[in-house]
Amino acid sequence: MSAAMDTESTYSGYSHYSGHSKKAHRQGRDRHKSPRSKDGSRSEKSVTIQTPPAEPLLGNDASRAEEGQDDNWGETTTAITGTSEHSISQEDIARISKDLEDSVGLDCKRYLGLTVAAVLGLLVFLTPIAFILLPQILWRDDLEPCGTVCEGLFISVAFKLLILLIGTWALFFRQPKADLPRVFVFRALLLVLIFLFVFSYWLFYGVRILDSKDTNYQGIVQYAVSLVDALLFIHYLAIVLLELRQLQPMFTVKVVRSTDGESRYYSLGHLSIQRAALVVLENYYRDFTVYNPALLTASKSRAAKHMAGLKVYNVDGNNASGQSRAMIAAAARRRDSSHNELYYEEADHERRVRKRRARLVVAVEEAFTHIKRLQAEEQQKAPGEMMDPREAAQAIFPSMARALQKYLRTTRQQQYHSMESILQHLSFCITNNMTPKAFLERYLNPGPTLQYDRDRWFSKQWTLVSEEAVTSGLQDGIVFVLKCLDFSLVVNVKKIPFIKLSEEFIDPKSHKFVLRLQSETSV
């Protein structure tokens, strides 16, 4: 009976919680829709191709930009329903078609490269076998008998081909991590080298062995062994060029996010600009905090409010430059009062964050006190009251939902945490017997980008902007930019300086000291 009551209360709280979220989401969508219907066109950043799979946690993108909204907005929201109208301009259609064409081109380029590499690899592995089998098929009766040394060479060829096969699979047949704008120069050079090498071996084999029908079978097998040995050396060269050459740090890159100025430093080896950009993006998703555009709305609204209070009158018919100078001068005169306003706004925001953080910590700790892990012998005593981790998470979630809602909305994180993700994280913490502090770590401290839902932050298209060719190597002073839809990463490359160390020998017997006494001391 108690389990049923708990379950009923849980689902009632869940529906109440989700209902307010959907109402607010619909209101925010209608609020965004009105200016778009007036203009008939919209900017690039407002284009939405895919709908996010989950509802934001008790908030929407429009409401988080408003500073003066009520804390109890979830209880006072009125949903306005009606017919939904969606418009799309010709520019949007052209851009979508261009993106589709680019994706088709990238797929064709990737599959073409894989096809060429696969065909060339198959040719490499079948060539030594063909060198050994063709004489047996074409002029078997004229061949000299194969002795013990010749038969030992068969074993050598078999094991070397097996080693070459495993090494090739480990080095080349990997899941591609990205589609680069240009080909990988060293990889292309290795493919060309292998093709020329195998072609020259086939040319020599056709002229000196097939045409003359050489009867020295041991010499033919030895020729195939030399081919396999040379292929093993080429594979070693590929390891040096593709893997070992880039391991030694030679450059230090500074990565700055253009919107909020967050920066990180990384050490890189000898890489091309496009491969360095790929390394930067991999580290960005791991090290940088998630990009939150809502944190930038406060400064923008404050600047807009100051500029809205300025009035410029064009009495004498001056040009626009005179008006801009007048506005700048007026803004400079109001600078003394604006910094006080900024100070009090930040102090009030920090006070609200600390207050709601304390409420959230207390609510989560009280909610976790109602959960007790049953031991093996206790599970047989009260089978009707047991719950799995998912049910336990749904049971205690309503008691902390309001405090978590207010804290996430105050810190402008609500768009990155859906109700389903919070319930999954809470269930995970309960399953692994984690403390309330471990549960709150994700929400109190903004984590790296990979921590959040992939559909809310992942950018499918990055643009590399560089004055140098993207296939050229890194050099001191090179600057390139990685752009996505909402922001860009500015990368500045600096070469690690040459360090010269000198040695100085100190004799251990030279460490002698003398105690100097004075009359004022107590020694």
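Residues numbered from 1 in each chain as written. Predicted model: local features only at pLDDT ≥ 70, side-chain atom pairs only at ≥ 80, totals over all residues. Heavy atoms only, no water.

Let's shift gears to the side chain of Arg275. With respect to the helices and strands, the residue Arg275 is situated in helix α7 (residues 273-287). In this structure, Arg275 is buried with no salt-bridge partner, the nearest side chain bearing the opposite charge being Glu243 at 6.1 Å. In this structure, Arg275 is in contact with Leu180, Phe184, Leu242 and Gln246, ignoring residues within four places of it in sequence. (Helix = DSSP H or I, 4+ residues; strand = E, 2+ residues; numbered from the N terminus. Buried < 20%, exposed > 50% of the residue type's maximum accessible area, 1.4 Å probe, protein only. Lys, Arg positive; Asp, Glu negative; His and termini not counted. Salt bridge = Lys/Arg side-chain N within 4 Å of Asp/Glu carboxyl O. Contact = heavy atoms within 4.5 Å.)

On to the UniProt feature "transmembrane region" (unreviewed entry) in the protein, then. If you check UniProt for "transmembrane region" (unreviewed entry), the listed places come out as residues 111-133, 153-172, 184-204 and 224-244 in our numbering. Between the C-alpha atoms that bound residues 224-244 the distance is 29 Å, and the span itself is 100% helix and 0% strand. (UniProt positions renumbered as here; feature names shortened; annotations may be inferred.)

Attention shifts here to the layout of surface pockets. Taken as a whole, the second largest pocket holds about 1700 Å³ of empty space. Along its surface, the second largest pocket is lined by 49 residues, and Leu114, Phe172, Pro176, Phe184 and Arg187 are the ones closest to its centre. Element by element, the count of residues in the lining of the second largest pocket is highest for helix α3 (residues 90-138), at 12 residues. Each of domain 1 (95-246) and domain 2 (251-292 + 458-495) gives at least three residues to the lining of the second largest pocket. (1 Å grid on protein atoms, 1.4 Å probe; cavity = no way out; pocket = protein on both sides within 12 Å on 5 of 7 lines; lining within 4 Å. Points joined across faces, edges and corners; volume = space filled by probe spheres on them. Domains from an automatic or database assignment.)

Together, Phe154, Ile155, Phe159, Leu162, Leu165, Ile166, Trp169 and Phe173 line one region of the surface with nonpolar side chains, adding up to about 870 Å² of accessible area. Inspection of the secondary structure puts Ile155 in helix α4 (residues 148-172). (Patch = residues over 30% accessible without salt bridge, like charges linked within 9 Å, V, L, I, M, F, W, Y side chains within 5 Å. Areas by Shrake-Rupley, 256 points an atom, 1.4 Å probe, with all protein chains shown as cover.)

Between helix α11 (residues 389-410) and helix α13 (residues 436-444), the shortest axis-to-axis distance is 11 Å and the interhelical angle comes to 30°. Between α11 and α13, the angle falls in the class roughly parallel. On the side of α11, the interface is formed by Met400, Leu404, Tyr407 and Leu408, while α13 contributes Phe439, Tyr443 and Leu444. In the contact of α11 with α13, the residues fall into 7 nonpolar, no polar and no charged. (Axes fitted to C-alpha atoms, helices over the stretch in contact; angles between N-to-C directions. Parallel < 35°, antiparallel > 145°, perpendicular 65-115°, else oblique. Nonpolar A, V, L, I, M, F, W, Y, C, P; charged D, E, K, R; others polar.)

Generally speaking, a soluble globular protein has its nonpolar side chains buried in company with each other. Counting 29 residues, the largest nonpolar core has Phe131, Phe197 and Tyr217 as its most contacted members. Broken down by element, this core gets its largest block of residues, 11 residues, from helix α6 (residues 217-244). Ignoring any residue separated from it by four or fewer positions in sequence, one finds Phe131 in contact with Tyr201, Trp202, Tyr205, Ile220, Tyr223, Ala224 and Leu227. (Core = buried A, V, L, I, M, F, W, Y, C linked by side-chain atoms within 4.5 Å.)

Attention now moves to the pairing of strand β5 (residues 488-495). Successive side chains on a regular strand alternate, one facing one side of the sheet and the next facing the other. Summarising the sheet, strand β1 (residues 251-257) and β5 pair through 7 bridges and their orientation is antiparallel. When the bridges of β5 are listed, Thr252 appears paired with Lys494. Bridge count for strand β4 (residues 479-483) against β5 is 5 bridges, and the pairing is antiparallel. Within β5, the position partnered with Val479 by the bridge is Asn492. Counting the residues that bridge the hairpin from β4 to β5 gives 4 residues. (Pairing = 2+ DSSP bridges.)

In the Ramachandran plot, Arg412 falls in the positive-phi region, its phi being about 60° despite a non-glycine side chain. Its location among the elements puts Arg412 in the loop between α11 and α12 (419-431). Even without glycine at this site, Asn433 takes up a positive phi of about 55°. Positionally, Asn433 belongs in the loop between α12 and α13.

Moving on, we come to the pairing of strand β2 (residues 263-268). One ladder, built from 6 bridges, connects β1 with β2; its direction is antiparallel. Bridge pairing in β2 links Lys254 to Tyr265. Remark: 5 residues form the turn of the hairpin made by β1 and β2, two consecutive strands paired antiparallel; Gly261 in that turn has positive phi of roughly 80°.

Attention shifts here to α11. The α-helix advances 3.6 residues per turn, and as a result positions three or four apart in sequence lie on the same side. The terminal C-alpha atoms of α11, which comprises 22 residues, lie 29 Å apart, in line with the 32 Å expected from a rise of 1.5 Å per residue. The sharpest bend along α11 comes to roughly 50°, located at Met400. Positive phi shows up at Arg412, right after α11, with a value of about 60°. (Expected span 1.5 Å × (residues − 1). Bend = angle between axes of the 7 residues up to and from the residue.)

The next thing to look at is the state of the cysteines. As used here, a disulfide is simply a covalent bond connecting the sulfur atoms of two cysteines. By the definition in use, this model includes 1 disulfide. Disulfide partner of Cys146: Cys150, at an S-S distance of 2.1 Å. Since a negative S-S torsion denotes a left-handed disulfide, the Cys146-Cys150 link at about -115° is left-handed. Classification of Cys146 by relative accessible area gives partly exposed; the value is 27%. (Disulfide = S-S within 2.5 Å.)

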